[in-house]
Amino acid sequence: MTRDELKKAVGWAALKYVRPGSVVGVGTGTTAAHFIDALASIKHDIEGAVSSSEASTEKLRAYGIPVFDLNNIDQLSVYVDGADEINPQMQMIKGGGAALTREKIIAAVAETFVCIADQTKQVDVLGHFPLPVEVIPMARAYVARQLVKMGGLPEYRQDVVTDNGNCILDVYNLSIVNPAELERKINALPGVVTVGLFADRGADVALIGTDNGVLTLTRGG
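In this report, the structure presented in the accompanying data block is examined. What you see is a predicted model; the values in this text were computed from it and never measured.

Notes on the overall build of the chain
For step 1, the next point in the chain: The secondary structure content of the chain amounts to 6 helices and 13 strands.
For step 2, the next point in the chain: The globule rule puts the C-alpha radius of gyration for 221 residues at 17 Å, and the 17 Å found for the chain is close to it.
For step 3, the next point in the chain: Seen through its principal axes, the chain has C-alpha atoms that stretch 50 × 40 × 30 Å.
For step 4, the next point in the chain: Put simply, the chain has 221 residues, and 53% of those count as buried.
For step 5, the next point in the chain: Contacts spanning at least 24 positions in sequence make up 72% of the contacts within the chain whose residues lie at least 6 apart.
For step 6, the next point in the chain: In the structure as shown, the chain presents an accessible area of about 10200 Å², 50% of it carried by carbon and sulfur atoms.

So, in structure tokens, the structure goes:
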């Protein structure tokens, strides 16, 4: 199977976690786009969605799926999104699509976080994929210097402005053996909006697309 076929398989597999009549949290990226395609097939069975990016919002609305402001939602039963890397502890690196802040907010609200990914995203130790950090523009140079002190090699992601109007630093050269600790440390830097480590709030379920079908992993399982 091609990688896109693996992504499509997990996108459709995630439908079983969607409760009828609920508002569904929807992520960003190529794998999440397959989930939106799948969600459209049951759009009359759900109330609508909360979206983590303008791109996903546009795709949802094109299907006629109502998109709600998270501030107007009391509870969110499930959030479905991809990952750039996921380790055996269900901790992730996210933010390759520059939507990490909104993704992290929705993940915090959701009762269940379902990560959908193909088998290439599974790693033993996070950090081979560069770690995205969303930064307020005036703090970019300061934050970059602090990330160097942590052992990272930050690169400014040129010509990218997040949906929140900020910039992205991609941090290379990290072997992240304690993701939760590093997440808190980077988040504490003045000017950082958030870091693309999803460790304190990892996935509850991971649907991994493999050549042998969709593998289901659960936290602590």
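Focus on unusual backbone geometry
For step 1, the next point in the chain: The residue Met90 is not glycine, and still its phi comes out positive at about 70 degrees.
For step 2, the next point in the chain: Mapped onto the secondary structure, Met90 falls in the loop between strand S4 (85-86) and strand S5 (92-93).
For step 3, the next point in the chain: One non-glycine residue with positive phi stands out, namely Ala98, at about 70 degrees.
For step 4, the next point in the chain: Checked against the element boundaries, Ala98 lands in the loop between S5 and helix H4 (100-109).
For step 5, the next point in the chain: Judged by its relative accessible area of 11%, Ala98 is buried.

A look at the packing of helix H1 (residues 3-13) against helix H2 (residues 30-40)
For step 1, the next point in the chain: At a minimum axis separation of 8 Å, H1 and H2 run at an interaxial angle of 50 degrees. One finds that H1 runs oblique with respect to H2. For the crossing formed where H1 meets H2, the hand is right-handed. Residues Asp4, Lys7, Lys8, Val10, Gly11 and Trp12 of H1 pack against Thr30, Thr31, His34, Phe35, Asp37 and Ala38 of H2.

Examining the sheet that holds strand S10 (residues 192-195)
For step 1, the next point in the chain: With antiparallel pairing, 4 strands are arranged side by side in an open sheet as S8-S9-S7-S10. Whereas interior strands pair on both sides, the edge strands pair on one side only; in this sheet they are strand S8 (153-156) and S10. Each neighbouring strand pair of the sheet contributes to a mean axis angle of 30 degrees, computed without reference to strand direction.
For step 2, the next point in the chain: Of the pairings in the sheet, the one linking strand S7 (residues 131-135) to S10 comprises 3 bridges and is antiparallel in character. Within S10, the residue paired with Val135 across the bridge is Val192.
For step 3, the next point in the chain: Contacts from H4 reach S7, strand S9 (167-172) and S10 within the one sheet, and its direction differs from that of S10 by about 65 degrees.
For step 4, the next point in the chain: Across the sheet, helix H6 (residues 179-187) is in contact with S7 and S10; its angle to S10 comes to roughly 170 degrees.

What about the side chain of Asn166?
For step 1, the next point in the chain: Summarising the element assignment, Asn166 is placed in the loop between S8 and S9.
For step 2, the next point in the chain: Using a relative accessible area of 11% as the deciding quantity, one classes Asn166 as buried.

What counts as what
Residues numbered from 1 in each chain as written. Predicted model: local features only at pLDDT ≥ 70, side-chain atom pairs only at ≥ 80, totals over all residues. Heavy atoms only, no water. Helix = DSSP H or I, 4+ residues; strand = E, 2+ residues; numbered from the N terminus. Rg over C-alpha atoms; globule rule 2.2 N^0.38 Å. Buried < 20%, exposed > 50% of the residue type's maximum accessible area, 1.4 Å probe, protein only. Contact = heavy atoms within 4.5 Å. Areas by Shrake-Rupley, 256 points an atom, 1.4 Å probe, with all protein chains shown as cover. Axes fitted to C-alpha atoms, helices over the stretch in contact; angles between N-to-C directions. Parallel < 35°, antiparallel > 145°, perpendicular 65-115°, else oblique. Left-handed = near helix turned anticlockwise from the far one by under 90°. Pairing = 2+ DSSP bridges.

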